[in-house]
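Analysis of the macromolecular model
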Amino acid sequence: MTHKFKESIRRTQAYWYVDGLVELGTGLVFFLLGIILILESITPSDSNLSSILSFSRNAILIGGTIGIGLLTKV
(Lines give C-alpha, C1' and ligand atoms only; values in the text may rest on other atoms or scores of the structure.)
Protein backbone atom coordinates (compact mmCIF):
# COMPACT_ATOMS: atom_id res chain seq x y z
CA MET A 1 0.00 0.00 0.00
CA THR A 2 2.74 2.48 0.81
CA HIS A 3 4.45 1.67 -2.49
CA LYS A 4 1.36 2.81 -4.42
CA PHE A 5 1.15 5.94 -2.29
CA LYS A 6 4.82 6.77 -2.83
CA GLU A 7 4.49 6.12 -6.57
CA SER A 8 1.52 8.49 -6.73
CA ILE A 9 3.50 11.19 -4.93
CA ARG A 10 6.48 10.67 -7.24
CA ARG A 11 4.35 10.98 -10.39
CA THR A 12 2.71 14.13 -9.06
CA GLN A 13 6.09 15.72 -8.31
CA ALA A 14 7.46 14.68 -11.71
CA TYR A 15 4.75 16.65 -13.52
CA TRP A 16 4.86 19.60 -11.13
CA TYR A 17 6.91 21.79 -13.49
CA VAL A 18 5.55 20.40 -16.76
CA ASP A 19 1.83 21.07 -16.47
CA GLY A 20 0.74 24.58 -17.28
CA LEU A 21 3.94 25.85 -18.89
CA VAL A 22 2.24 26.40 -22.22
CA GLU A 23 -0.55 28.32 -20.53
CA LEU A 24 1.89 30.45 -18.55
CA GLY A 25 3.91 31.23 -21.67
CA THR A 26 0.80 32.09 -23.65
CA GLY A 27 -0.37 34.33 -20.84
CA LEU A 28 2.96 36.12 -20.86
CA VAL A 29 2.77 36.66 -24.63
CA PHE A 30 -0.77 38.05 -24.33
CA PHE A 31 0.32 40.29 -21.43
CA LEU A 32 3.18 41.71 -23.52
CA LEU A 33 0.87 42.16 -26.50
CA GLY A 34 -1.60 44.02 -24.30
CA ILE A 35 1.08 46.40 -23.07
CA ILE A 36 2.27 47.04 -26.62
CA LEU A 37 -1.27 47.64 -27.86
CA ILE A 38 -1.91 50.13 -25.06
CA LEU A 39 1.31 51.98 -25.87
CA GLU A 40 0.49 51.86 -29.57
CA SER A 41 -2.92 53.43 -28.97
CA ILE A 42 -1.35 56.27 -26.98
CA THR A 43 1.38 57.21 -29.47
CA PRO A 44 0.62 59.25 -32.59
CA SER A 45 0.29 57.11 -35.71
CA ASP A 46 2.94 59.04 -37.67
CA SER A 47 5.72 58.74 -35.07
CA ASN A 48 8.72 56.44 -35.21
CA LEU A 49 7.74 54.85 -31.91
CA SER A 50 4.45 53.74 -33.43
CA SER A 51 6.23 51.87 -36.22
CA ILE A 52 8.65 50.30 -33.72
CA LEU A 53 5.72 49.17 -31.57
CA SER A 54 3.96 47.76 -34.62
CA PHE A 55 7.05 45.75 -35.54
CA SER A 56 7.53 44.54 -31.97
CA ARG A 57 3.85 43.51 -31.80
CA ASN A 58 4.31 41.26 -34.80
CA ALA A 59 7.66 39.97 -33.55
CA ILE A 60 6.25 39.07 -30.13
CA LEU A 61 3.22 37.39 -31.66
CA ILE A 62 5.22 35.24 -34.06
CA GLY A 63 8.38 34.81 -31.99
CA GLY A 64 6.47 34.18 -28.78
CA THR A 65 4.35 31.48 -30.34
CA ILE A 66 7.36 29.71 -31.82
CA GLY A 67 9.41 30.25 -28.65
CA ILE A 68 6.76 28.76 -26.38
CA GLY A 69 6.52 25.71 -28.62
CA LEU A 70 10.28 25.20 -28.59
CA LEU A 71 10.74 25.79 -24.88
CA THR A 72 8.00 23.43 -23.78
CA LYS A 73 9.31 20.59 -25.94
CA VAL A 74 12.67 20.66 -24.18
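Residues numbered from 1 in each chain as written. Predicted model: local features only at pLDDT ≥ 70, side-chain atom pairs only at ≥ 80, totals over all residues. Heavy atoms only, no water.

**Some details on the overall build of the protein chain**
Within the protein chain one finds three helices and zero strands. Looking at the protein chain as a whole, 15% of its 74 residues qualify as buried. Put simply, the protein chain shows about 6300 Å² of open surface, and 71% of that area lies on carbon and sulfur atoms. (Helix = DSSP H or I, 4+ residues; strand = E, 2+ residues; numbered from the N terminus. Buried < 20%, exposed > 50% of the residue type's maximum accessible area, 1.4 Å probe, protein only. Areas by Shrake-Rupley, 256 points an atom, 1.4 Å probe, with all protein chains shown as cover.)

**A word on the packing of helix H2 (residues 21–42) against helix H3 (residues 48–73)**
The interhelical angle for the contact between H2 and H3, taken along N-to-C directions, is 180°, at an axis separation of 10 Å. Taken as axis vectors, H2 and H3 run roughly antiparallel relative to one another. Across from Leu 21, Val 22, Gly 25, Thr 26, Val 29, Leu 32, Leu 33, Ile 36, Leu 37, Leu 39 and Glu 40 in H2, the residues of H3 making contact are Ser 50, Leu 53, Ser 54, Ser 56, Arg 57, Ile 60, Leu 61, Gly 64, Ile 68 and Thr 72. Residues that form the contact of H2 with H3 fall into these classes: 12 nonpolar, seven polar and two charged. (Axes fitted to C-alpha atoms, helices over the stretch in contact; angles between N-to-C directions. Parallel < 35°, antiparallel > 145°, perpendicular 65-115°, else oblique. Contact = heavy atoms within 4.5 Å. Nonpolar A, V, L, I, M, F, W, Y, C, P; charged D, E, K, R; others polar.)

**Overview of the environment of Gly 69**
Note on placement: Gly 69 falls in helix H3. The exposure class of Gly 69 is partly exposed, given its relative accessible area of 26%.

**As for the environment of Leu 37**
Mapped onto the secondary structure, Leu 37 falls in helix H2. Accessibility expressed as a relative area gives 45% for Leu 37, which makes it partly exposed. A sequence separation of 16 residues divides Leu 37 from Leu 53, and the C-alpha atoms of the two residues are 8.1 Å apart.

**A look at a nonpolar patch on the surface**
Judged by side-chain polarity, Leu 28, Phe 31, Leu 32, Ile 35, Ile 38, Leu 39 and Ile 42 come together as a nonpolar surface patch covering roughly 690 Å² of accessible area. Of note, Ile 42 is situated in helix H2. (Patch = residues over 30% accessible without salt bridge, like charges linked within 9 Å, V, L, I, M, F, W, Y side chains within 5 Å. Salt bridge = Lys/Arg side-chain N within 4 Å of Asp/Glu carboxyl O.)

**Examining H3**
At 3.6 residues per turn, the α-helix brings residues three or four places apart onto the same side. Helix length check: H3, at 26 residues, gives a terminal C-alpha distance of 37 Å against a target of 38 Å (1.5 Å per residue), a fit within 8%. Restricting attention to buried positions, one finds in H3 the residues Ser 50, Leu 53, Ser 56, Gly 64 and Ile 68. Considering only its buried residues, H3 is in contact with H2. (Expected span 1.5 Å × (residues − 1).)

**Some details on H2**
If you check H2, its first and last C-alpha atoms are 32 Å apart, about what 22 residues at 1.5 Å a residue would give, namely 32 Å. Within H2 the residues assigned to the buried category are Gly 25, Val 29, Leu 33, Ile 36 and Glu 40. End-on view of H2: buried residues confined to an arc of 70°, all on one side of the axis. Relative to its buried face, H2 has exposed residues pointing more than 90 degrees away, namely Glu 23, Leu 24, Leu 28, Phe 30, Phe 31, Ile 38, Ser 41 and Ile 42. Buried residues in H2 make contact with H3. (Arc of directions from axis to C-beta.)

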